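Geometric and topological summary
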Amino acid sequence: MPGGIDEQQVRHIAHLARLRLSDAEVVQFGGQLGAILEYMKQLNEVDTAGVEPTAHPLPVHSVFREDEPADPLGVARVLANAPEAAGAYFKVPKVLEQGSA
Amino acid sequence: MAATVTDGITATFERIARFDPLLHCVLGLLEASALESAKRLDEIRQTGAVPGPLNGMPIAIKDNICLDVGMTTCGSRMLANFRSPYNAHVVERLLAAGAIPVCKTNLDEFAMGGSTENSGFFPTRNPWNPDHVPGGSSGGSAAAVAARLVPYALGSETGGSVRQPAAFCGICGLKPSYGRVSRYGLVAFGSSLDQVGVFATDVPGLATVLGVIAGHDPRDSTSVAAPVPDFVRTLNEPIGPLRIGIAPEYFGAGLDPEVRAAVEAALEVYRTLGAEVHEVRLPHASYTIACYYILCTAEASSNLARFDGVRYGHRTARPADYIDLYSASRAEGFGPEVKRRIMLGTYVLSSGYYDAYYLKALKVRTLIRNDFLAALSHCDVILSPTTPTPAFRLGEKTADPLQMYLMDIYNCGANLAGIPAVSIPCGFTRAGLPIGLQLMAAPFAEGRMLQIAHAYQQVTDHHFRKPPICAG
């Protein structure tokens, strides 16, 4: 298991998570996350050869319902908490003409 | 003259007004809707209609559970003005049973924390000593019941967030089996771990509320179609042969001597009730925290991606571009613990680290779950302290996040394994702080577990003790 976390990694993670961090936060989080990840390393001691992963504790799989439309929330309720709305749309800054995220 | 529901609800709000300025349990009061519901229930009562099982009972609701009245803030500035367009499933059930939500309670932001100090608004104080934390993340709900502001409250658990504050606040707190109670309308933190939980001052209270909120809900694909037993009726059925499991892993280093003494005394009480005590082993117990914090933060990083300033919640005032819209809105809306956990979760799921951390933790989870299932095949319940120490002081654990995480050591196992667990009061420290006793049982064995907890309360009186400030 890899250890430690440097500033470049912290900035990369923050970008993946879409969290803008100040320079001070990069340093602080780097230290805290490094210590936490160091603690996590102890899982390396556990022999998990042949062990199936448990994503959730119930023996329940592929729960489906019939593909029938249900009562919608309605446009008014859906837009009620919108920071900005126009007609039946959520309004956001322009998305096109951006570099790769 | 018999008291009306309106009288009871009015008295509840008077009591909240009297004590909440000290305790800070409440994020939102629901006076108008509560009094309206009370009036309606009083009118129905006049017609002679049979009241529901919680008729007219005031109830507090943790503010990460959606209610279509007032705000649902999750204790976060990200959702400070968010009005839920729907009621959670558990709220629908409570309303149908005649319960009256009177307030939304404070919590660690997005349920991330063990002290309620991570609330984006203010910390809640422990009614037994206001310089101490009530625990978390459901600290507001626990403090409200402990101070006898309300008889029942809903909380939520991902890693002990009902049991731990119940222990710190000297009341009863229940985590149902995963799948027993619908999560529809519980704002998701760790979807494979989350469960709505119940606070009450005694085990019959837990059983009553659980009976109301439990059951299959087609809107939650992880809610189980198993029939819901009558938890209240089974409380008083003969207990029969009783086997208590003790795991030495829960009585090792770090356990406060006063907590140890109170829990050992509780075990003696069970011996006098005829219980056989069996040693059980939980060999992977020491890996619980590492496993839990990898998995819950991974799930949280995914669940909290929806808070991006687009459709609801805080949006930054002047985004430079659409990436900045997300990054700045999230930076401004989330507190440091939430950011820390999102970052940790993102890291363990990221390319190059996924196998070493996340997949490894999923396999360790299997081993932890298997440990519990094996142990519980030899006993009815595993008995342990709920927490290694009583409630700590405000500010005592905030400097080092890892120290705070280590407090969850006796709790997270039940969430990872999906098993039911309960905390009940079993004593007090010399300084007057409550001590909690934890019982854990096999999946869907809440009935038996509550019966065993109830048996303890029939012959002890710790659960009757109230915080000194609330004597009036």
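Please read all numbers here as calculations on a predicted model, not as lab measurements.

**Quick look at the sheet that holds strand 8 (residues 276-279) of chain B**
Residues and elements named next belong to chain B. Pairing is mixed in the open sheet, where 11 strands are placed in the order 1-3-2-4-6-5-10-11-9-7-8. Each edge of the open sheet is held by one strand with a lone partner, namely strand 1 (26-29) and strand 8. When the angles between neighbouring strand axes are averaged without regard to direction, this sheet yields 30°.

**As for the packing of helix 6 (residues 203-213) of chain B against helix 15 (residues 446-458) of chain B**
Residues and elements named next belong to chain B. As a packed pair, helix 6 and helix 15 sit with axes 9 Å apart at the nearest point and diverge in direction by 155°. Regarding the angle of helix 6 to helix 15, the classification is roughly antiparallel. Seen from above, helix 6 lies across helix 15 with left-handed handedness. Every residue of helix 15 that contacts helix 6 at Val203, Pro204, Leu206, Ala207 and Leu210 is listed here: Glu446, Leu450, Ala453, His454 and Gln457. By residue class, the composition of the contact of helix 6 with helix 15 is 7 nonpolar, 2 polar and 1 charged.

**Quick look at helix 1 (residues 7-16) of chain A**
Every buried residue of helix 1 of chain A is accounted for by Val10(A), Ile13(A) and Ala14(A). Each buried residue of helix 1 of chain A lies within a common arc of 100° when the element is viewed along its axis, so the set occupies one face. Tucked inside the fold, the buried residues of helix 1 of chain A contact helix 2 (23-40) of chain A together with helix 11 (336-349) of chain B. Phi turns positive, to about 55°, at Arg18(A), one or two residues after helix 1 of chain A.

**Structural notes on the interface of chain B and chain A**
At the interface, 57 residues of chain B touch 44 residues of chain A. Contributions of two or more residues to the side of chain B that touches chain A are made by helix 9 (288-303), helix 10 (322-333), helix 11, helix 12 (355-375) and helix 13 (401-405) of chain B. Among the elements that take part in the side of chain B that touches chain A, helix 12 of chain B stands out by supplying 12 residues, more than any other.

Cut-offs used in this document
- Residues numbered from 1 in each chain as written.
- Chains lettered and ligands numbered in written order.
- Predicted model: local features only at pLDDT ≥ 70, side-chain atom pairs only at ≥ 80, totals over all residues.
- Pairing = 2+ DSSP bridges.
- Helix = DSSP H or I, 4+ residues; strand = E, 2+ residues; numbered from the N terminus.
- Axes fitted to C-alpha atoms, helices over the stretch in contact; angles between N-to-C directions.
- Parallel < 35°, antiparallel > 145°, perpendicular 65-115°, else oblique.
- Left-handed = near helix turned anticlockwise from the far one by under 90°.
- Contact = placed C-beta atoms within 7 Å.
- Nonpolar A, V, L, I, M, F, W, Y, C, P; charged D, E, K, R; others polar.
- Buried ≥ 20, exposed ≤ 12 C-beta atoms within 10 Å, placed from the backbone.
- Arc of directions from axis to C-beta.

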